[in-house]
Amino acid sequence: METTEEADSPAARARTTLIVATACFMLLPVGLFYWMNRAPAVDPANVCKMVWIPGGEFRMGTGNVDDKHKEEGPVHNVQVKGFWMDETEVTNAQFAAFVQATGYVTDAEKDLSAAEFPNAPAEYLKGGSLIFKRVQGVDPFQCGTSGNLPWWKFTAGATWRTPEGPGSSIEQRMNHPVICLTWKDVHAFATWAGKRLPTEAEWEFAARGGLKDMPYVWGAEERPNGKYLCNHWQGTFPANDTGEDGFQSVAPVASFPPNGYGLYDVAGNVWEMCEDWYHPDFYKISPAVNPLGPAIGFDPEQTGFGQHVIRGGSWLCDVGYCFRFRVGSRQGLDALTSTNHAGFRCVADRPAPSARK
Ligand SMILES: [Ca+2]
Ligand SMILES: [Ca+2]
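Here the structure is a predicted model, which is why all the values come from computation and not from measurement.

So, how was this worked out
Residues numbered from 1 in each chain as written. Chains lettered and ligands numbered in written order. Predicted model: local features only at pLDDT ≥ 70, side-chain atom pairs only at ≥ 80, totals over all residues. Helix = DSSP H or I, 4+ residues; strand = E, 2+ residues; numbered from the N terminus. Buried ≥ 20, exposed ≤ 12 C-beta atoms within 10 Å, placed from the backbone. Contact = placed C-beta atoms within 7 Å. Arc of directions from axis to C-beta. Core = buried A, V, L, I, M, F, W, Y, C linked by C-beta atoms within 7 Å. Pairing = 2+ DSSP bridges. pLDDT = per-residue confidence, 0-100.

**Observations regarding the overall build of the chain**
Argument step 1. Helix and strand counts for the chain come out as six helices and 13 strands.
Argument step 2. Looking at the chain as a whole, 39% of its 357 residues are labelled buried.
Argument step 3. In the chain, the proportion of contacts linking residues at least 24 apart, taken out of those at least 6 apart, comes to 73%.

Next comes the structure, spelled out in structure tokens:
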């Protein structure tokens, strides 16, 4: 009783008020620090915008492949079940929401350990990404197929927050696809979002948008009525991109019309990482129902880590050299590599992601 009276006394109330006010005053700088360093505002509705892909059977791959694109054949029948798919590539704003919620640090933001990679040159142990640089006077056909291509420069400090290296920023690019991530990074995002990466077969079924045996996600012609329908490279690769499609680098998502399922930028802009390991000969042995890719990844550089599938081509694909913004095109990306031409989008199974808690 005495204790209650004491707690209710004017002196006690004044003391409590003083303690609370002091605590608030002391926490003010901390709150201010977090406020000033907060991630940009994110529209939560935008994070989960997905469309239903009905599933079915389709002819996967490219018919009559040429010598430069043998990995696209043979064409084979594949069935996939229905699934939800992000209507755009995952954006910087969406990835920022993930980092804000989890504190996740991407691979490009971390230095590698010399003990774990004893043969790597010191400059490659710094955190960073492979960044495209224009090169003059190079015939890309004489440069081989992988490793040491002269237009790829390892850039220390090139991360999803600073895609061109230290000093660059995504502040004005929050609606651009997030780049400079590894497969492990995008997998972490997908898990956090309650989603997953698409299998390669799911990706191609969705990208075809209900069309059959067409070379492009929009149909038969590369430029119907002279119009560019995705963000890729015009001009001489790797020296000069004229940007006739409106963009000389990565474009904001949904800058071009969607495909038949309402998916934006499945062709071009940034490559999209899939769940599967990659192998150029996998189509020769692929199962016909919900294929999951080979058991291990193609490893031409013998890094010991293997490659995952990337699909759709990017802002760097021209018609003469790469030409991989076609819907049947496929390529591998080393599991540990982050670059400024690869991103991702997610898929999910029933029930609809918005119904989950
Ligand atoms: Ca372009
Ligand atoms: Ca894309």
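**Side note on the environment of A251**
Argument step 1. Note that A251 resides in the loop between β8 (240-241) and β9 (271-277).
Argument step 2. Residues in contact with A251, not counting those within four places in the same chain, are N231, N269 and W315.

**Some remarks on helix α5 (residues 183-192)**
Argument step 1. Those residues of α5 that fall on the buried side of the exposure criterion are W183, D185, V186, F189 and A190. Down the axis of α5, the buried side of the element spans an arc of 160°, and every buried residue falls inside it.
Argument step 2. Looking at the buried side of α5, the elements it contacts are α4 (92-102), β9 and β10 (307-311).
Argument step 3. Once α5 ends, the next one or two residues include G194, with phi positive near 75°.

**Topic: the nonpolar core**
Argument step 1. Within the largest apolar cluster, 71 residues are counted, with the highest numbers of intra-cluster contacts made by M85, I179, V186 and M273.
Argument step 2. When near neighbours in sequence (up to four residues on either side) are disregarded, M273 contacts W183, V186, L197, H308, I310, L333, A342 and F344.

**Description of the sheet that holds strand β13 (residues 347-348)**
Argument step 1. In space, the three strands of this open sheet follow the order β1-β4-β13, with antiparallel pairing throughout. Both edges of this open sheet fall to β1 (50-53) and β13, since each of them pairs with a single strand only.
Argument step 2. Where β1 and strand β4 (residues 83-86) come together, four bridges link them in antiparallel fashion. When the bridges of β4 are listed, M50 appears paired with D86.

**Points about the confidence of the model for the chain**
Argument step 1. Confidence along the chain averages 88 in pLDDT terms, with 84% of residues attaining 70 or more.
Argument step 2. Low pLDDT, under 50, characterises residues 30-46; the stretch is placed with 12 contacts to residues that sit more than four places away or in other chains.

**So, the sheet that holds strand β12 (residues 342-343)**
Argument step 1. Here we have four strands laid out as an open sheet, ordered β11-β10-β9-β12, and mixed in their pairing. If you trace the sheet from one side to the other, it starts and ends with β11 (330-334) and β12, each paired once.

**Some words on the pairing of β11**
When a strand is regular, its side chains alternate between the sheet's two faces.
Argument step 1. A large share of β11 lies buried, amounting to five of its five residues.
Argument step 2. Both faces of β11 are covered, namely the face carrying R330, G332 and D334 and the face carrying Q331 and L333.

**Looking at the environment of H232**
Argument step 1. Positionally, H232 belongs in the loop between α6 (200-207) and β7 (235-236).
Argument step 2. Residue classification places H232 among the buried positions, given that 25 C-beta atoms sit within 10 Å.
Argument step 3. Taking the C-alpha atoms as reference, H232 lies 9.1 Å from F323; in sequence the two are 91 residues apart.
Argument step 4. Dropping the residues within four chain positions of it, H232 is found in contact with D245, G268, G313, W315, C317, D318 and F325.

**Focus: the pairing of β4**
Argument step 1. Judged by which residues are buried, β4 turns out to be covered on both faces: F83 and M85 on one side and W84 and D86 on the other are all buried.
Argument step 2. Relative to β13, β4 runs antiparallel, the two being bridged by two bridges. The residue bridging M85 from the neighbouring strand is V347, located in β13.

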